Amino acid sequence: MNDVAVTAFRRQPLWRWFVVALLLIGATACGYLVDHHVSLTSQAMVYVLAVVIASYTLSWKESIVCAVGAVTAFNFFFVPPRLTFQVDSQEHLIALFTMLLVALVISHLAAGMRRETESARLNAQRAGQLQKLATELASATTPDEIAVLGRAALKSEFDGQCLLALGLGGDGLTNGGELPPAMSDAMQCCMKEAAVLGPGTGRWPGLDAWYLPLGTKGQMSGAVCVAPALAGDTAGREHAQALCSLLGQALWRARLTSSMLTAQHEAQRQQVQSTFLAAISHDLRTPLAAVIGAASSLQTQHDKLSRVEQDRLLSSIVSEATYLSNVTDNTLQLVRLTSSIQVLKQDWESMEEIVGAVLARVRQRDPSRRIKSKVPEKLPLIKADPVLLAQLIGNLLDNALQYSSDAIELGVSASDHELQVCIKDRGPGIPQEQVQTLFEPFSHNDHSGQRGAGLGLAVCHAIAVAHGGSLTFRRRTGGGSTFALTLPLNKQQPQREQT
Amino acid sequence: MTLRILVVEDDREIRSLMQSSLTVEGFEVQTAVSVSEAKAMLHIAPPDVLLLDLGLPDGDGIDLVHEVRKQHSLPVLVVSARHQEAQKIQLLDAGADDYLTKPFSVAELLARIRVSLRHRGTALDAAIKVHELDDLRVDLTLHQVQRDGETLHLTPTEFKMLARLVRSAGRVVTHRQLLSDVWGSEFTEHTHYLRLYMAQLRAKIERDPAEPRHLLTETGVGYRLATV
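In what follows, the accompanying structure is described. Keep in mind it's a predicted model, so treat the numbers as computed, not measured.

All names here are of chain A. In contact at an axis separation of 9 Å, helix α2 (residues 40–57) and helix α3 (residues 60–78) are set at 160 degrees when each is read in the N-to-C sense. On the basis of their axis angle, the class for α2 and α3 is roughly antiparallel. The crossing of α2 and α3 is right-handed. Taking contact as the criterion, the partners of Leu40, Gln43, Ala44, Tyr47, Ala50, Val51, Ala54 and Ser55 in α2 are, on α3, Glu62, Ser63, Cys66, Ala67, Ala70, Phe74 and Phe78. Here the contact of α2 with α3 is built from residues that sort into 11 nonpolar, three polar and one charged.

Attention now goes to unusual backbone geometry. Of note, the bond from A:Ala227 into A:Pro228 is cis; its omega dihedral lies within 30 degrees of zero at 0 degrees. By secondary structure assignment, the location of A:Pro228 is in the loop between β3 (222–226) and α7 (234–301). Note the cis peptide between B:Lys102 and B:Pro103, where omega equals -5 degrees. With respect to the element layout, B:Pro103 can be found in the loop between β5 (98–102) and α5 (106–123). Phi is positive for A:Trp204, which is not a glycine, with a value near 45 degrees.

Moving on to the interface of chain B and chain A. By convention, interface size is frequently given as the accessible area that disappears when the constituent parts associate. Every contact between the two is made by 19 residues of chain B and, on the other side, 25 residues of chain A. The leading source of residues in the side of chain B that touches chain A is helix α8 (residues 191–205) of chain B, at eight residues. Looking at the side of chain B that touches chain A residue by residue, the classes come out as nine nonpolar, six polar and four charged.

Moving on: the pairing of strand β4 (residues 76–81) of chain B. All names here are of chain B. The element β4 is extensively covered by neighbouring structure, given that five of its six residues are classed as buried. As defined by bridge partners, strand β3 (residues 49–53) adjoins β4 across four bridges and the pair is classed as parallel. Across the sheet, Asp53 pairs through a bridge with Val79, a residue of β4. Crossover handedness for the path β3 to helix α3 (residues 62–71) to β4: right-handed.

Let us look at α3(B). Residue and element names in this part refer to chain B. If you check which residues of α3 are buried, you get Leu64, Val65 and Val68. Within α3, the buried residues cover an arc of 100 degrees as seen down the axis, which keeps them to one side. In α3, the exposed residues that point more than 90 degrees away from the buried face are Asp63, His66 and Lys70. The secondary structure elements touched by the buried residues of α3 are α2 (35–44), β3, β4 and α4 (85–94).

Moving on: the sheet that holds strand β2 (residues 210–214) of chain A. All names here are of chain A. With antiparallel pairing, three strands are arranged side by side in an open sheet as β1-β3-β2. Looking at which strands have only one partner, the edges of the open sheet turn out to be β1 (163–166) and β2. Taken pair by pair, the neighbouring strands of this sheet meet at an average axis angle of 15 degrees, ignoring direction. Across four bridges, the pairing between β1 and β3 is antiparallel. Paired with Leu163 across the strands is Cys225, a residue of β3.

This part covers the sheet that holds strand β8 (residues 144–147) of chain B. To summarise the sheet geometry, strands pair through backbone hydrogen bonds and adopt either a parallel or an antiparallel arrangement. Residue and element names in this part refer to chain B. The strand order β6-β7-β8-β9 describes an open sheet built from four strands, whose pairing is antiparallel. Because the sheet does not close on itself, it has two edges, and the strands there are β6 (130–133) and β9 (150–151). Summarising the sheet, β6 and strand β7 (residues 136–139) pair through four bridges and their orientation is antiparallel. In the strand pairing of β7, Glu132 is matched with Arg137.

Residue and element names in this part refer to chain B. Between helix α6 (residues 156–167) and helix α7 (residues 175–182), the least distance of the axes is 10 Å, while the angle of their chain directions is 130 degrees. As far as their axial angle goes, α7 and α6 are oblique. α7 is crossed by α6, and the crossing has right-handed handedness. In this structure, α6 contributes Thr157, Lys160, Met161 and Arg164 to the contact, and α7 contributes Leu178, Asp181 and Val182. Residue composition of the contact of α6 with α7, grouped by class: three nonpolar, one polar and three charged.

Before going further, it helps to spend a moment on the nonpolar core. Residue and element names in this part refer to chain B. If you look at the biggest cluster of nonpolar residues, it comprises 56 residues, and the most contacted ones within it are Leu51, Leu52, Val76, Leu77 and Val78. Two domains each put at least three residues into this core: domain 1 (4–123) and domain 2 (130–225). Once residues within four sequence positions are removed from consideration, Val78 is found in contact with Leu52, Leu54, Lys88, Leu91, Leu92, Ala96 and Tyr99.

About the cut-offs
Residues numbered from 1 in each chain as written. Chains lettered and ligands numbered in written order. Predicted model: local features only at pLDDT ≥ 70, side-chain atom pairs only at ≥ 80, totals over all residues. Axes fitted to C-alpha atoms, helices over the stretch in contact; angles between N-to-C directions. Helix = DSSP H or I, 4+ residues; strand = E, 2+ residues; numbered from the N terminus. Parallel < 35°, antiparallel > 145°, perpendicular 65-115°, else oblique. Left-handed = near helix turned anticlockwise from the far one by under 90°. Contact = placed C-beta atoms within 7 Å. Nonpolar A, V, L, I, M, F, W, Y, C, P; charged D, E, K, R; others polar. Buried ≥ 20, exposed ≤ 12 C-beta atoms within 10 Å, placed from the backbone. Pairing = 2+ DSSP bridges. Right-handed = clockwise from strand over helix to strand, strands pointing away. Arc of directions from axis to C-beta. Core = buried A, V, L, I, M, F, W, Y, C linked by C-beta atoms within 7 Å. Domains from an automatic or database assignment.

Right under this line is the structure:
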């Protein structure tokens, strides 16, 4: 690598000198070709042309050499006496000086023009890069994404080592440990002062790189080290500053967004907690009051109660306690499902089996067999947590049994990509104003004198969502409700064993 | 002879409830509040049935089950709260006989104890060879399965599966146990075999496979062949 670079470095001037030689040889050849047809002045013009070309395309050094060479060659080959360096008349001497002057002026003008073109090109490129970075930053949301974009932008613009470290003004840099102490100190200092350090800035000019803060005073998000840094390269430094200002704004925006989200979550959590407490105090206290009432009545009035009344109190204790147990199960399940702790224990399951097991339990409350189930044979298997799905279907059937007194239809159907379980009843249905919040926990606490349904549906919904499926509610024409659980099917069904 | 039951349960109320309802049924009830106390009592005087609660203060009881299985053949019933599936299955696979989920009724508790005792009673003579309930009759010696007196044709795998359940009739057989006994120990994760073969078996044996009478599903745990 190094050798190639060195040769390239050496070859470049040689190539330029070669061009100079070629121009001079060409001009001399042209002069000879037209020697007998034109005057000495025209021959001089050919040399002027060569000098103009050289000074336009090459640097001032080559153009001066070319001018001197042109004057010498013109003098040697064409100015009488020919093939000597003698100059006959003063006129020719003036021609020579003029040619030298032309070479210098044109070279100077061309160099200026080249510089301007170059700087215009660089400015356009830098403006483009700033615009590109701004666009990319618009879609970056985390500080790490922004840092990656920032590093890429700096690297593409500056050849030396460019580093970007994130951190708040006061408490150091997040990846400060990996930086050399001097670099880390400079970054800390530029963040503290919210100003650029390094060559040409008047602050710490002895450094070999620029240190730029990401952000403004009070909104500091990190610092950047940029190399190479030349004291005179004001445009480069300004560009680095522009990049850093974009990055600083993006970082600050990301931090604001994240703290806003945290605040929102916190508010939401507190709201859920307070509705939870309100609901628990209602959903648990009422049945508890019934249990305690019945039990204490049996305890203190035992002898005064008839056998029938005693039995009624006892069965009320059992049913209220069973209800309490269901509410507790659902509450715990909801907390598990909504707090990311829950990891589903998924396995290949058969919906027919799950429905069968749920029915075996629910039939105890359904002696007249109001639930009519229709489960087709050879349903595809699903990857699911069977205990949760059983709880979901059980809750829906329990609700249907509680709220309606007619037949309840339970149907399972499968398509190519999903499995659907529908539970239809002819109960009073859900009032329109409650449909929106039907699956929210405790959204419609006991305005109707009935209880528990809100929590049960919230659990059902959470279970469906945890399985990547959905639970929807529809009103039936002619009265009643339809709850539909839809679960995605794996395209790849498990294989039977090879026999 | 009075049967002795050791109840290992740390909650005082449930312990005394079990004690009184089991005493009423004619059992002699001993109680322990921890795994270590239960170990000591097993050592001094082994009971006829062990009722083990999950989530005891000094351990989940898995080593107690291992220890019991090393020396005794007494039935072990695991009492668990819902949501303790994983631990419950672990104990069943380790050799516990059956489980009860809290809250349970006294009737359920007694039924489970009766089933587990019946197995232990016959285990010393011969394993169960014939199973009969309602319309179903399974004779393991003759390799014969009949419904309403008509012989059913089962594939070898279906029969092996049914036979395994018959040998533990009335008790839960975990997925793992069933897979390992029917297909072999390297197939214990292939639960989909169970789903597919159980559907086939139910289609042949049950009147309404969607609501089985005989081959009951213990959701998330295993299967149980009904005996009542």
